[in-house]
Amino acid sequence: MPQPETLDQPEKTPLVKEVPPKSKDLSAWYNAICYKAELVSLAPVRGCMVLRPYGYGLWERLQAALDERFKATGHENAYFPLLIPESLLTREAEHVEGFAPEVAWVTQGGNEVLAERLAIRPTSEVIIGTMYAEWVHSYRDLPILINQWANVMRWEKRTRPFLRSLEFLWQEGHTAHATEAEASEEVARMLEVYADVAENVAGVPVYKGEKSSSERFAGATHTYSIEALMPDGRALQAGTSHELGQNFAKAYGIEFSAEDQTLQYAWTTSWGMSWRMIGALIMVHGDDRGLRLPPKLAPLEAVIVPIVKGPSEDVTAAARELYATLKRAGLRVKLDERDERPGFKFADWEMRGVPLRIELGANDLAAGTVTIVRRDRERGEEGAKTSVPLADVGKVLPELLAAVGHSLFAQAKDFLAAHTLPATEREQFLRLCRDRAGMIDIPWCNRPECEAAVKAETRANTRNLRPLEGGETLCVACGEPAVVRAYFAQSY
Ligand SMILES: [Zn+2]
């Protein structure tokens with residue numbers, strides 16, 4: 001399903017009058033909806049974006065879902081500084097080589113030119129590793145299980161809201177362990193946490209697996225990822241979990257005396273998810289009418305629209321009372337009393353993706369009911385509208401919200417299943433990759449040369465790998481013996 005190429009970010013936030021249809025041009029739709037729904041604005045510095053309150057509301061809820069799971073798995077939050085001395089950054093050779101082209105530098109403080117340049121963190125392994133070396137002496141000091149909520153900066157050439165920006169918000173977990181086995185377990189555990197949040201909170205189905213050697217994090221021994229599929233057939237990496245082996249421990253001196261009195265290097269891990277996940281859920285769930293937000297992340301779960309023709313004090317009073325009741329019940333709800341036509345308000349809240357709309361008019365009031373409209377359904381579709389007794393709204397809303405969440409996930413799951421395509425023969429495989437047909441699933445040789453050749457021909461590369469299922473013998477891409485199964489796709 002080839003579509004126009006990714007648009008570059010304009011210099012100023014464009015004024016969006018109409019959101020173009022999603023099915024025609026995902027890229028144009030995506031940018032338009034990010035601005036029109038007031039999720040973001042472009043900042044005066046190229047490639048930086050402002051997260052507006054509605055966008056920040058999404059981020060806050062994603063953050064809360066992750067944070068709760070990090071704490072439940074034994075982690076604590078801490079904060080490390082933004083600036084890293086150049087001499088520290090260059091100590092882990094592979095890491096610095098991987099990040100060097102994207103690092104922004106501070107060279108002057110006030111009027112003083114600095115004797116040593118300071119890097120603005122592109123990620124924090126270096127500064128955190130340095131501190132862990134100070135804190136760890138004995139096996140009794142391990143494990144260290146810390147997460148940091150932070151901004152980082154990577155000097156990207158092409159940027160897009162949420163998907164790629166110079167500065168972005170994320171979390172980075174950093175742990176140190178006495179044994180390799182513990183570090184491996186940690187990395188697997190956090191990959192599960194990411195998959196859980198992606199699927200059960202954001203409603204975005206993902207494939208879990210290991211990255212190939214050419215896609216591995218700079219300085220890691222193993223990188224694992226969750227990968228989602230966007231409607232244009234491109235994959236999006238939505239979270240990563242890295243085993244760093246003893247590489248960073250050796251570079252930064254994280255040593256401890258083990259139970260047997262020997263001096264050993266710690267085994268470290270890092271893992272991260274950023275606001276990119278928001279970009280994924282926008283693309284996966286949205287439709288031609290705008291956003292469709294998963295209820296668990298939606299800043300507003302429901303909006304009440306009173307339908308008043310002329311002065312109708314009864315409807316207004318009933319709407320306000322309903323609003324107060326729902327607020328008291330802990331629901332994230334808004335009462336829209338703007339001086340606009342109901343049709344305008346309906347379209348506006350649909351565009352912003354609010355999961356449920358509660359309509360209350362004179363007829364409803366006379367019948368003692370409200371009409372609830374689900375954002376996940378098409379207009380006129382079975383079950384899109386329900387009439388609910390006014391007194392039951394507080395009880396019915398949580399059930400309906402859960403139903404909307406399940407249906408968004410189910411729709412996305414169907415799409416992923418329909419666009420996960422096994423290929424058995426080389427030409428077919430290359431054509432599917434070139435056409436961005438989805439996640440192209442093949443037995444693979446796990447050789448960087450093979451991946452590079454596929455990429456040169458099709459712009460697709462491996463998204464992640466998993467064990468062979470048995471029966472496969474040869475790599476579909478090159479004919480060498482297969483050792484894993486791999487999803488190939490073009491990516492964001
Ligand atoms: Zn191959």
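Parameters at a glance
Residues numbered from 1 in each chain as written. Predicted model: local features only at pLDDT ≥ 70, side-chain atom pairs only at ≥ 80, totals over all residues. Buried ≥ 20, exposed ≤ 12 C-beta atoms within 10 Å, placed from the backbone. Helix = DSSP H or I, 4+ residues; strand = E, 2+ residues; numbered from the N terminus. Pairing = 2+ DSSP bridges. Axes fitted to C-alpha atoms, helices over the stretch in contact; angles between N-to-C directions. Parallel < 35°, antiparallel > 145°, perpendicular 65-115°, else oblique. Left-handed = near helix turned anticlockwise from the far one by under 90°. Contact = placed C-beta atoms within 7 Å. Nonpolar A, V, L, I, M, F, W, Y, C, P; charged D, E, K, R; others polar. Core = buried A, V, L, I, M, F, W, Y, C linked by C-beta atoms within 7 Å. Domains from an automatic or database assignment. Expected span 1.5 Å × (residues − 1). Arc of directions from axis to C-beta.

Caption draft 1: Examining the pairing of strand E11 (residues 235–243) more closely. Of all 9 residues in E11, 8 are buried; the element is thus mostly enclosed. Relative to E11, strand E10 (residues 222–229) runs antiparallel, the two being bridged by 8 bridges. When the sheet's bridge partners are listed, Glu 227 is paired in E11 with Gln 237. Connecting E10 to the next strand, E11, in antiparallel fashion are 5 residues, including Gly 233 with a positive phi near 85°. Where E11 meets strand E14 (residues 267–274), 4 bridges bridge the pair, whose relative direction is antiparallel. Bridge assignment links Thr 240 to a residue of E14, and that residue is Gly 272.

Caption draft 2: Broad picture of unusual backbone geometry. Residues Leu 142 and Pro 143 are joined by a peptide bond in cis, for which omega reads -5°. Looking at the secondary structure, you find Pro 143 in the loop between helix H5 (125–135) and strand E7 (144–153). A positive phi angle, close to 50°, is found at Arg 436, a residue other than glycine. Relative to the assigned elements, Arg 436 resides in the loop between helix H13 (426–434) and strand E21 (439–444). Assessed through the 22 C-beta atoms surrounding it within 10 Å, Arg 436 is described here as buried. Positioned with a positive phi, Asn 446 is a non-glycine residue whose angle comes to about 65°. Among the secondary structure elements, Asn 446 is positioned in the loop between E21 and helix H14 (448–458).

Caption draft 3: A look at the packing of H13 against H14. For the pair H13 and H14, the least separation of the axes is 9 Å and the interaxial angle reads 60°. The angle between the axes of H13 and H14 places the two elements in the oblique class. Along this stretch, H13 crosses H14, giving a crossing that reads as right-handed. Where H13 approaches H14, its residues Leu 430, Cys 433 and Arg 434 are matched on the opposing element by Val 454, Glu 457 and Thr 458. For the contact of H13 with H14, a count of residues per class yields 3 nonpolar, 1 polar and 2 charged.

Caption draft 4: Spotlight on the sheet that holds strand E6 (residues 112–120). A sheet is described by the order of its strands in space; here 3 strands give the open sequence E4-E6-E5, paired in antiparallel fashion. Two strands in the sheet have a free side with no partner beyond their single neighbour: strand E4 (83–85) and strand E5 (104–109). Taken pair by pair, the neighbouring strands of this sheet meet at an average axis angle of 45°, ignoring direction. Of the pairings in the sheet, the one linking E5 to E6 comprises 5 bridges and is antiparallel in character. Across the sheet, residue Gln 108 finds its bridge partner in E6, namely Val 113.

Caption draft 5: Expanded view of the packing of helix H2 (residues 53–72) against helix H6 (residues 180–201). Where H2 meets H6, the closest approach of the two axes is 10 Å, and the angle between their N-to-C directions is 140°. Between H2 and H6 lies a crossing of right-handed hand. Only Val 193, Asp 196, Val 197 and Val 201 of H6 make contact with H2, whose side of the interface consists of Ala 65, Leu 66 and Arg 69. Broken down by class, the residue content of the contact of H2 with H6 amounts to 5 nonpolar, no polar and 2 charged.

Caption draft 6: Spotlight on the nonpolar core. Counting 128 residues, the largest nonpolar core has Ala 198, Val 204, Ala 228, Ala 238, Met 277, Ile 304 and Ile 440 as its most contacted members. Sort the elements by how many residues they give to this core and H6 lands first, with 9 residues. Other than its neighbours up to four places away in sequence, Ile 440 contacts Leu 421, Ala 423, Phe 429, Leu 432, Cys 433, Tyr 487, Phe 488 and Ala 489.

Caption draft 7: A look at the domain arrangement of the protein chain. With domains assigned, the protein chain is organised as domain 1 (26–285), domain 2 (302–396) and domain 3 (420–489). Measuring from the centre of the C-alpha atoms in domain 1 to the corresponding centre in domain 3 gives 28 Å. When contributions to the side of domain 1 that touches domain 3 are tallied by element, the ones reaching two or more residues are strand E9 (207–210) and E10. Broken down by class, the residue content of the side of domain 1 that touches domain 3 amounts to 3 nonpolar, 6 polar and 6 charged.

Caption draft 8: Representation of H2 within the structure. Taking 1.5 Å as the rise per residue, H2 with 20 residues should run 28 Å; its terminal C-alpha atoms sit 28 Å apart, in good agreement. Among the residues of H2, Gly 55, Leu 58, Leu 62, Leu 66 and Phe 70 are the ones counted as buried. Angular distribution of buried residues about the axis of H2 spans 105°; they occupy a single face of the element. Exposed residues on H2 whose side chains face more than 90 degrees from its buried face are Pro 53, Glu 68, Lys 71 and Ala 72. One or two steps after H2, the chain reaches Gly 74, where phi turns positive at roughly 90°.

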